[in-house]
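Here's the letter readout for the chains.
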Amino acid sequence: MMNFYKTMEKGAIIAAHFGTTHEDTREKTIDIINKKLKNEFDKLDFFQVYTSRIINRILSKRGIENLNTTQILEKLVEQGYQHVIIQPTYIINGTEMEALKREVDMFSDKFEDIRVGTPLLTEVDDYFKLIEVIEKEVGVLKEDEGVVMIGHGTEHPALSAYPMLAYVTKDLEKPIYIGTVEGYPGLDNVVRELKRDNKRKVTLMPLMFVAGDHAKNDIAEDWKESLEENGFEVEVNLRGLGEIESIQNIFIERAKKLENSQPEDILVKKAEYAKGRKASH
């Protein structure tokens, strides 16, 4: 794969965020990683998008305009950009990631080179790395203490990322439990596991890049109240994953990787197999 800068005349890097309407968490997460990306990629012009149309609509009513993916790519085409790197800050390869890829595909013939990075949980190794980060974040726990991390959940097949992460924590015998606001594992699953493992004190944390509505309402209120009703002593740590420096650095590394290579295109790979290259099983 050709180096991204080899034939580049006018290039851009785009940070793709789901977005948030909460300024406090935006300043600690999105603003910081935007600044880091801008500094790391000083040869490129920096842009950001909020991919949530709902969040963009709410912000627009407040007088804050954020472009979505299609709008920013149209703008870059008009301004003569030919080389683009897009790094999402999503946690899983769910609905937002699928939509991002589809929008990018619509512009694939408009740019000489457009490359898209991956979410936090993409390869198997990513799950183990995230558990390492969380362990350092929470420190040493007592025998009857546990950490419950709560993600958004989704109707997309990528929901499987959450039970995958839960399996890794069990495999590593870590006192970290995974739940979702909308999906599986749910509250009942987490309560059952906590009781099975004789946990008494629980720390709730968002498995989300920003600590917005879900964190402040579903986690800090609903989940906290439900766990307390089930007899647990509960603390809440409303620190979005995007506030953790090592998580920020993972996304930066994903973007840096795109300077020398693109994620593998399965259609190109299949075409190579069709020409006689034997697939390994």
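Given the structure is predicted, the values throughout are model-derived calculations rather than measurements.

Asker: What is the right way to read the side chain of E103 from this model?
Answerer: When you line up the elements, E103 lands in helix 5 (residues 95-105). A distance of 2.5 Å separates a polar atom in the side chain of E103 from a polar atom in the side chain of T70. Setting aside its immediate chain neighbours within four residues, E103 contacts R53, T69, T70 and L73.

Asker: Is there a simple way to think about the domain arrangement of the protein in this case?
Answerer: Interface size, as often reported, equals the accessible area lost upon joining of the parts. According to the domain assignment, the protein consists of domain 1 (11-121 + 243-261) and domain 2 (124-241). For domain 1 and domain 2, the distance between their C-alpha centres works out to 27 Å. Between domain 1 and domain 2 lies a buried interface of about 2,100 Å² when both sides are counted; carbon and sulfur atoms form 65% of it. Connecting domain 1 to domain 2 are three salt bridges. Across the pair R239 and E243 runs a salt bridge whose closest N-O atoms are separated by 3.8 Å. For the side of domain 1 that touches domain 2, the secondary-structure elements that each account for two or more residues are helix 1 (23-28), helix 2 (30-40), helix 5 and helix 10 (245-257). Here the side of domain 1 that touches domain 2 takes four residues from helix 10, the largest share from any one element. For the side of domain 1 that touches domain 2, the class distribution of residues is nine nonpolar, 12 polar and four charged.

Asker: Is there a simple way to explain the sheet that holds strand 5 (residues 145-151) in this structure?
Answerer: One key point about sheets: their strands pair by backbone hydrogen bonds, in either a parallel or an antiparallel sense. Reading across the sheet, the four strands line up as 6-5-7-8 and stay open at both edges, with parallel pairing between neighbours. Only two strands of the sheet have a single neighbouring strand rather than two, namely strand 6 (176-180) and strand 8 (233-236). Each adjacent strand pair in this sheet contributes to an overall mean axis angle of 25°, direction not counted. In this sheet, strand 8 lies alongside strand 7 (residues 201-206) in parallel orientation, the contact comprising four bridges. Across the sheet, residue V202 finds its bridge partner in strand 8, namely V234. Contacts between helix 8 (residues 187-196) and the sheet are confined to strand 5, strand 6 and strand 7, with strand 6 contributing the most and set at about 165° to the helix. Sheet strands touched by helix 9 (residues 213-229): strand 5, strand 6, strand 7 and strand 8. Its angle to strand 7, the strand with the most contacts, is close to 160°.

Asker: Before we go on, may I ask you to explain the sheet that holds strand 4 (residues 113-116) in this structure?
Answerer: With parallel pairing, four strands are arranged side by side in an open sheet as 2-1-3-4. Where the open sheet ends on each side, the last strands, each with one partner, are strand 2 (45-50) and strand 4. Sheet twist, expressed as the average angle between the axes of neighbouring strands with direction ignored, equals 20°. As judged from the six bridges shared by strand 1 (residues 11-17) and strand 3 (residues 83-88), these two strands associate in the parallel manner. Bridge pairing in strand 3 places A12 opposite V84. Across the sheet, helix 4 (residues 69-78) is in contact with strand 1, strand 2, strand 3 and strand 4; its angle to strand 2 comes to roughly 155°.

Rules used throughout
Residues numbered from 1 in each chain as written. Predicted model: local features only at pLDDT ≥ 70, side-chain atom pairs only at ≥ 80, totals over all residues. Heavy atoms only, no water. Helix = DSSP H or I, 4+ residues; strand = E, 2+ residues; numbered from the N terminus. Polar contact = N/O pair within 3.5 Å; in protein donor to acceptor, adjacent residues only side chain to side chain. Contact = heavy atoms within 4.5 Å. Domains from an automatic or database assignment. Buried area = accessible area lost by both parts, 1.4 Å probe. Salt bridge = Lys/Arg side-chain N within 4 Å of Asp/Glu carboxyl O. Nonpolar A, V, L, I, M, F, W, Y, C, P; charged D, E, K, R; others polar. Pairing = 2+ DSSP bridges. Axes fitted to C-alpha atoms, helices over the stretch in contact; angles between N-to-C directions.

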